[in-house]
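Coordinates in review
One letter stands for each residue in the lines below.
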Amino acid sequence: MEQAFFLLFAIVAVVSAGWVVIAKNPIHSAVALMACFVQIAAIYVLLRSPFLAVVQVFVYVGAIMVLFVFVFMMLEIRQATLERFLPDRGWLSTLIPLLLGFILLGAIFSSPLISNMTPPVEPPSGSVRELGILMFTQYLLPFEVVSIVLLVALVGAIYLARKDDI
Amino acid sequence: MELIIAAIVILIKVIVIAVILFIVPIPLTWMERKIAGHIQQRLGPMRVGWHGLLQPVADGLKLLTKEDIIPDQADRLLFKMAPLVSLVPPFAVFVAIPFGESVSVMGYEISLYISDMNVGLLYILAVAGLEIYGVIFGGWASNSKYALLGSLRTCAQLISYEIPMGFSVIGVIMLSHSMSLLDIVNAQQDIWFIVYQPLGFFIFFVAGLAEAQRIPFDLAEAEGDLGAGFHTEYSGMRFSFFMLSEYLVMLTISILCVLLFFGGWHGVLIPLPAPIWFALKVGLFIYIFMWFRFTFPRYRYDQLMNIGWKVLLPLSLFNILLTGIFIF
């Protein structure tokens, strides 16, 4: 049962991820990326972490994709959709990533790690509480460092976007 | 056997809630027109049925028989998808919303909710936010400048108001030590959270108005300056899907206000059955939403952004701090 659901989510996720790359229209890519994120959230639910799944939907689908779409709507993308996706002489640029991809897949599937993966651990009840306690005791330093990094990124973005005369 | 019964019970609950959700907007449209009429010293719909009670049926028939127009240069796939995208999340939200405690039917305990998640509140906020994609994609796919401006505004508005909304409920979570809506309601058995969280409620309500795209924050439609905003090019049934989802979001926000701040199904003074108390409170909030629509003018776009970032966001942060000190 669980495996069937996993296969369903995984197939849709991979197909939509492919669609993100193939689609000519950036907005269609955005829709496909959303579908992909939702499938990944569903896989998190199968892995017994509903909190992570909900946060995935909240942050990635609900906020980050809105920003993407906002930018797309400001751009003139009608021109971009008319252009050919691959220039005629770009066969080399198709071949090399495909080759690299196959090598990567081969490496992943031949790895011994893939055959002895442990099944997900059944979390204790009230997993949000546990998560919060861990985050503010054991992992306090990484948590704070991540916050600072985000703040620095924010300041940098504002600096880049400011007008020169101010 | 137990498992089959449980599955059947869940299936029945899902069907019942889905049917109710499809029906509820019908009386709401009538209510909105009546309230609009009386606020503006008119009678509102009077011709079809007693005091216009059958007006929604007439409207529905009209929408069904209208021609379904798709603009020539529209993105046909997205144009057709958008109304459905806006309709699915409001239904999905109700999976996590409890309507009361358990009742026993024929010796079998039946809970008045589909699922009591321990991340229920976060789930609702996350899924309710997805409704906006219907508006965004619909406006973009129409290939019309009014519709595009409507969806651009929606994008910016959503991002600006989702944050204060999320922050405003943190106070409630801190007080009840849980994100499960059932626990939140049970924590309000004696005193409703509106007593401890007036500021949180204010922020939640204002952000909720913006989330539901209601006046004074319905910049996506803004019939004064954008034609009809994102649904300018939509007609017939596709248009009615947008209306349906708008009413359902309004219902969701009203229910959340009641569950988070007004004690859910716990009554005061008058002992009424829990579902009736719940329905009365939700009805009051829906009335307030409609009352606002015909009382306030629409904000300007820059005012909207200022309220979101410079007023609501600092206030919601202050509220979290205040709640922390209070608990400590």
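Look up a bit, the structure's there.
This write-up is about the structure you can find in this document. In this text the structure is predicted, and so the values were computed from the model without any measurement. (Residues numbered from 1 in each chain as written. Chains lettered and ligands numbered in written order. Predicted model: local features only at pLDDT ≥ 70, side-chain atom pairs only at ≥ 80, totals over all residues. Heavy atoms only, no water.)

For chain A, the helix and strand inventory stands at seven helices and zero strands. In chain A, the succession of helices and strands from N to C terminus is α-α-α-α-α-α-α. A buried classification covers 22% of the 166 residues belonging to chain A. By sequence separation, contacts in chain A at least 24 residues apart represent 58% of the contacts at least 6 residues apart. Approximately 12500 Å² of chain A is accessible, and the part contributed by carbon and sulfur atoms is 76%. (Helix = DSSP H or I, 4+ residues; strand = E, 2+ residues; numbered from the N terminus. Buried < 20%, exposed > 50% of the residue type's maximum accessible area, 1.4 Å probe, protein only. Contact = heavy atoms within 4.5 Å. Areas by Shrake-Rupley, 256 points an atom, 1.4 Å probe, with all protein chains shown as cover.)

Another aspect to go through is the interface of chain A and chain B. With 26 residues of chain A in contact, the opposing surface of chain B contributes 26 residues. Ranking the residues of chain A by area buried against chain B places Phe58(A), Val66(A) and Met73(A) at the top, with a combined share of 27%. At the boundary of chain A with chain B, the tally comes to zero salt bridges. The tally of links from chain A across to chain B stands at three residue pairs in polar contact (both at pLDDT 80 or more). (Buried area = accessible area lost by both parts, 1.4 Å probe. Salt bridge = Lys/Arg side-chain N within 4 Å of Asp/Glu carboxyl O. Polar contact = N/O pair within 3.5 Å; in protein donor to acceptor, adjacent residues only side chain to side chain.)

A few words on empty space enclosed by the protein. All names here are of chain B. Per the counting criterion, the structure on display carries three cavities of 30 Å³ or more. Each pocket or cavity is described by its volume, and for the largest cavity that value is around 60 Å³. Along its surface, the largest cavity is lined by Glu-131, Val-135, Ala-212, Gln-213, Glu-221, Phe-230, Phe-242, Ser-245 and Glu-246. Broken down by class, the residue content of the lining of the largest cavity amounts to four nonpolar, two polar and three charged. (1 Å grid on protein atoms, 1.4 Å probe; cavity = no way out; pocket = protein on both sides within 12 Å on 5 of 7 lines; lining within 4 Å. Points joined across faces, edges and corners; volume = space filled by probe spheres on them. Nonpolar A, V, L, I, M, F, W, Y, C, P; charged D, E, K, R; others polar.)

What follows concerns helix 6 (residues 132-141) of chain B. All names here are of chain B. Across the ten residues of helix 6, ten count as buried, placing the element largely inside the fold. For helix 6, the full list of buried residues reads Ile-132, Tyr-133, Gly-134, Val-135, Ile-136, Phe-137, Gly-138, Gly-139, Trp-140 and Ala-141. Trailing helix 6 by a residue or two, Asn-143 shows a phi angle of about 55°, which is positive.

Residue and element names in this part refer to chain B. At their nearest, the axes of helix 7 (residues 145-168) and helix 11 (residues 198-211) sit 9 Å apart, and the two run at 150° to each other. Between helix 7 and helix 11, the crossing angle belongs to the class labelled roughly antiparallel. Our pair here, helix 7 against helix 11, has a crossing hand that is left-handed. Contact residues: helix 7 offers Gln-157, Leu-158, Tyr-161, Glu-162, Pro-164, Met-165 and Ser-168, while helix 11 offers Gly-200, Ile-203, Phe-204, Ala-207, Gly-208, Ala-210 and Glu-211. Here the contact of helix 7 with helix 11 is composed, by residue class, of eight nonpolar, four polar and two charged. (Axes fitted to C-alpha atoms, helices over the stretch in contact; angles between N-to-C directions. Parallel < 35°, antiparallel > 145°, perpendicular 65-115°, else oblique. Left-handed = near helix turned anticlockwise from the far one by under 90°.)

Each turn of an α-helix holds 3.6 residues, which means side chains three or four residues apart point in the same direction. Residues and elements named next belong to chain A. Spanning 21 residues, helix 2 (residues 26-46) covers 30 Å between terminal C-alpha atoms, matching the ideal 30 Å at 1.5 Å per step. Sitting at the amino-terminal end of helix 2 is Asn-25, which places a side-chain oxygen 3.0 Å from the backbone nitrogen of Ile-27. Downstream of helix 2 by a residue or two, Arg-48 has a phi angle that is positive, lying close to 65°. (Expected span 1.5 Å × (residues − 1).)

Residues and elements named next belong to chain B. Direction vectors running N to C along helix 4 (residues 76-93) and helix 5 (residues 120-130) enclose 165°, while the axes themselves pass 7 Å from each other. Relative to helix 5, the element helix 4 is oriented roughly antiparallel. Both helix 4 and helix 5 take part in a crossing whose hand is left-handed. Across the interface between the two elements, Pro-89, Ala-92 and Val-93 from helix 4 touch Tyr-123, Ile-124, Val-127, Ala-128 and Leu-130 from helix 5. Its residues assigned to classes, the contact of helix 4 with helix 5 comprises eight nonpolar, no polar and no charged.

In this section: a nonpolar patch on the surface. Taken together, Trp91(A), Leu92(A), Leu95(A), Ile96(A), Leu99(A), Leu100(A) and Ile103(A) make up a surface patch of nonpolar side chains, about 770 Å² in accessible area. Mapped onto the elements of the fold, Leu99(A) is located in helix 5 (residues 91-110). (Patch = residues over 30% accessible without salt bridge, like charges linked within 9 Å, V, L, I, M, F, W, Y side chains within 5 Å.)

It is worth spelling out unusual backbone geometry at this point. Both trends apply: most residues other than glycine have a negative phi, and most peptide bonds are in trans. All names here are of chain B. A positive phi angle, near 55°, is found at Gln-41, a position not held by glycine. Its place among the elements puts Gln-41 in the loop between helix 2 (25-39) and helix 3 (55-65). The exposed category is assigned to Gln-41, whose relative accessible area is 77%. Unlike most non-glycine residues, His-177 shows phi in positive territory, near 55°. Along the polypeptide, His-177 turns up in the loop between helix 8 (170-176) and helix 9 (181-186). We classify His-177 as exposed; its relative accessible area is 56%.

The next subject is the packing of aromatic side chains. All names here are of chain B. What the rule picks out here adds up to 25 aromatic pairs over all chains. Residues Phe-201 and Phe-261 carry aromatic rings whose centres are separated by 5.5 Å and whose planes lie at 65° to one another, so their mutual orientation is edge-to-face. Pair noted here: Phe-201 is in helix 11 and Phe-261 is in helix 12 (residues 236-261), with a separation of 60 residues, a long-range link. The exposure classification of Phe-201 matches that of Phe-261, with both residues buried. (Phe/Tyr/Trp six-rings, centres within 6.5 Å; stacked < 30°, edge-to-face > 60°.)

On to the environment of Gly264(B). Residues and elements named next belong to chain B. Residue placement: Gly-264 occurs in the loop between helix 12 and helix 13 (274-293). Sequence spacing of Gly-264 and Pro-275 is eleven residues, and the spatial spacing of their C-alpha atoms is 9.3 Å. With sequence-adjacent residues up to four places away left out, Gly-264 is seen in contact with Val-185, Val-258, Leu-259, Phe-278 and Lys-281.

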